[in-house]
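# Working through the structure, step by step
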Amino acid sequence: MASSSVCNGNPPFTSNPFFQKPAKNQTLFKSNTPLHFTSVRHRSPLKILRSPNCRNPRNPRTDVVDPVVFYLNKIKKTEIERKDGNFSGIQEFLNLCGFGYCVQGFRCFPWLALNFHMANNLNLNPSTLQLVQYSANLPMVAKPLYGILSDALFIGGSHRLPYISIGVALQILSWGSMAFIPIAREALPILMTCVLLSNLGASITEVAKDALVAEYGQKNKINGLQSYAFMALAAGGVLANCLGGFLLLRTQKPTFMFLIFASLLSFQLVLSLKTKESSFRLPESSNHHESISSTIKKQLSDLIFAIKDDRVFQSLSWVVASYSMVPILSGSLFCYQIQILNLDPFVIGMSKVTGQLLLLAITILYNRYFKTISLRKLIKNVQILYACSLLLDLVLVKQANLKLGIPNNVYVVCISGLAEMINQFKILPFQVLFASLAPPGCEGSLMSFLASALCLSSICSGFLGVGMASCLRITSVDYSNLPAGIIIQFLAALVPVFWIHNVPASQPLDDNKKTGLSKKKRKTRRVGRVVFNMVFVYRRERESEAQR
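Since the structure is predicted, the reported quantities are computational estimates derived from the model, not experimental observations. Think of each chain on its own: its residues are numbered from 1, step by step along the sequence as written. Local features in this predicted model are restricted to residues of pLDDT 70 or higher, and side-chain atom pairs are both shown and tallied only at a pLDDT of 80 or more, whereas totals for entire chains, interfaces and linings draw on every residue. Values reported for side chains reflect all heavy atoms of the structure, with hydrogen atoms and water molecules removed beforehand.

## Some words on the overall build of the protein
- Helix and strand labels come from DSSP, where a helix needs a run of H or I of at least four residues and a strand needs a run of E of at least two; each type is numbered from the N terminus. Helix and strand counts for the protein stand at 24 helices and two strands.
- For each residue, the accessible area found with a 1.4 Å probe, counting protein chains only, is set against the maximum for its type, and the residue is called buried under 20%, exposed over 50%, and partly exposed in between. Taken over 548 residues, the protein has a buried fraction of 45%.
- Counted over contacts in the protein with a minimum sequence separation of 6, partners at least 24 positions apart contribute 82%.
- Put simply, the protein shows about 28,800 Å² of open surface, and 61% of that area lies on carbon and sulfur atoms. Pairs of residues are marked as contacts when any of their non-hydrogen atoms sit within 4.5 Å. All accessible-area figures derive from a Shrake-Rupley calculation using a 1.4 Å probe, and residue coverage is judged against the displayed protein chains alone.

This is the structure we're talking about:
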């Protein structure tokens, strides 16, 4: 029978409520000490603790509270703290990040007008148009720098919201200039400067928002906030393409759309300036005594250490290769649709709407069902599906849809945005994975490094597509070799499947999910201390453990 010693190695009490006969030459108390019995009802709820300094069992500690009450109070306090933590600033967080990601998705609204402006008003050929599109993404390659600055450099006691405000202000300056200054949208060098400034501000804002989502989710044990950010992003894209195609068809004024987007950015700037980062209860700066250079060096070393993690490095290498090795022909396909097929802006916009709606739907499905699927299996199927969806453009170029009785405008609206949607969705599982693997204090750096790597791979893919279009001699008057380029795209998209083993097999686990004990652990675990008549005793291990 199990027993617990109060002061020394000889157990005076057992778990039996009746005293056992003491051993030979052993007394429970001194002979001159009377033994008194009191009823259980009048006993003081005090516990006797085992202590190396305790030599006299007649002098128990009287300064310790009831352990049961103490344990229940501790559980109640933990529940209250967790509840307060999970809902600290949740309303402000949803308003700021939800609207911010909607505006980020709404960026295709002015870009749709800008693409038509460059193709129709500036008369750029497909390769030049695509070169301008992907060269404008160069500021986004420096996202790790913005992430390190966001993690290390606090502005007014905050390190997320000030960077969001700075990025939004740069975008307002860019699109406002193109709306009010004619030379800013007519001279190609000045236009490129404005576009680069806009993407610089957008990249700073995106880094700060992604870091805020990752940091807030880790602090409050909320896994999967990236899925909700993707939903807001897709919702903004749906609204942008619906309104963009309609307004561009009705007004034929890209400057009007630039002005609308600048006004929307102004509202976001007011919201970010009004919100206090202290309401999110994020970790505050602990390096006030250190210089900025030393803080940045420390943050850079933390980022390098995080990237050296096998799961991070192998996943990053796979996703970057899967994007960069596929030559994109977006400029050639866009010019083919508006110049050869004579599709109006509303049809082009609605094709983007279909893609964004599908992205929103598949994001919801992923958040509810696909998280339980093996990450490697999910990414493999998504990559194969993306490669097959590229062949859908071949049907349009060959006009096979007309043989099936499907008009070009209907086919473009329903099918054209499918490949782009799948390519965007492939980022989401990796964002969830990297957010769960980001070390505390390095969320902005790691997430921005992922975004930068993806942006760089997208630029390489776009430049590779420009080179392939030049080799195949695809121009605004000759699209005869466009089918060959689409087939090359399909084959290149299948290549990353052959080293899918670099992707981790398992999804990141939800921290809030309760996991049960295995049979072996339940069989051999210690039950712990229990209280019997306010005296601590210890249960034995399972008999199978004791026999071993």
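## Regarding the UniProt feature "transmembrane region" (unreviewed entry) in the protein
- UniProt's feature table lists "transmembrane region" (unreviewed entry) at residues 161-181, 228-249, 255-273, 316-340, 346-366, 446-469 and 481-500, given in the numbering used throughout.
- Overall, residues 228-249 shows 100% helix and 0% strand. The separation of its end C-alpha atoms is 32 Å.
- Helix makes up 80% of residues 316-340 and strand 0%, and the two end C-alpha atoms of the span are 39 Å apart. UniProt positions are given in the numbering used here, feature names are shortened, and annotations may be inferred rather than shown by experiment.

## A closer look at the pattern of salt bridges
- Criterion for a salt bridge: a side-chain nitrogen of Lys or Arg within 4 Å of a carboxyl oxygen of Asp or Glu. Tallied over the entire structure, the rule returns five salt bridges.
- A salt bridge links Lys298 to Asp302; the nearest nitrogen and oxygen atoms lie 3.2 Å apart. One end of the pair, Lys298, and the other, Asp302, are both in helix α11 (residues 292-307), four residues apart, so they sit about a helical turn from each other.
- Owing to a relative accessible area of 43%, Lys298 belongs among the partly exposed residues under this scheme.

## So, the nonpolar core
- With 72 residues, the main nonpolar core has Phe93, Leu114, Trp175 and Leu482 as its most contacted residues.
- Taken domain by domain, this core gets at least three of its residues from each of domain 1 (89-280) and domain 2 (301-506).
- Of all hydrophobic cores here, the second largest spans 26 residues; its members include Trp318, Leu433, Leu437 and Ala453. What we call a nonpolar core is a set of buried Ala, Val, Leu, Ile, Met, Phe, Trp, Tyr and Cys residues that are connected through their side-chain atoms within 4.5 Å. Domain limits in this description derive from either an automatic procedure or a database domain assignment.

## Points about the environment of Pro182
- Examined against the element boundaries, Pro182 turns out to sit in helix α7 (residues 182-186).
- In this structure, the C-alpha to C-alpha distance between Pro182 and Thr255, residues 73 residues apart in sequence, is 9.1 Å.

## Points about helix α8 (residues 188-219)
- Over its 32 residues, α8 runs 46 Å from end to end, which matches the ideal 46 Å to within 8%, given 1.5 Å per residue.
- Within α8, 23 of the 32 residues are buried, which leaves it mostly tucked inside the rest of the structure. The span one expects for a helix is its residue count, reduced by one, times 1.5 Å.

## Focus: a nonpolar patch on the surface
- Taken together, Phe180, Ile181, Ile183, Ile190 and Leu259 make up a surface patch of nonpolar side chains, about 460 Å² in accessible area.
- Relative to the assigned elements, Leu259 resides in helix α10 (residues 254-274). Patch building starts from residues that exceed 30% relative accessible area and form no salt bridge, then joins like charges within 9 Å and nonpolar side chains (Val, Leu, Ile, Met, Phe, Trp, Tyr) within 5 Å.

## Some points on the side chain of His117
- Here His117 shows up in helix α3 (residues 108-121).
- With near-sequence residues (within four places) excluded, His117 lies in contact with Leu122, Arg185 and Pro254.

## Examining helix α14 (residues 345-368)
- The end-to-end C-alpha distance of α14 is 35 Å, a good match for the 34 Å that 24 residues give at a rise of 1.5 Å each.
- Taken together, the buried positions of α14 are Pro345, Val347, Ile348, Gly349, Ser351, Val353, Gly355, Gln356, Leu359, Thr363, Tyr366 and Asn367.
- Where α14 begins, the capping side chain belongs to Asp344, and its oxygen is found 3.1 Å from the backbone nitrogen of Phe346. Under the rule applied, a polar contact is a pair of N or O atoms within 3.5 Å (in protein, one hydrogen donor and one hydrogen acceptor; residues adjacent in sequence only if both atoms are side-chain atoms).

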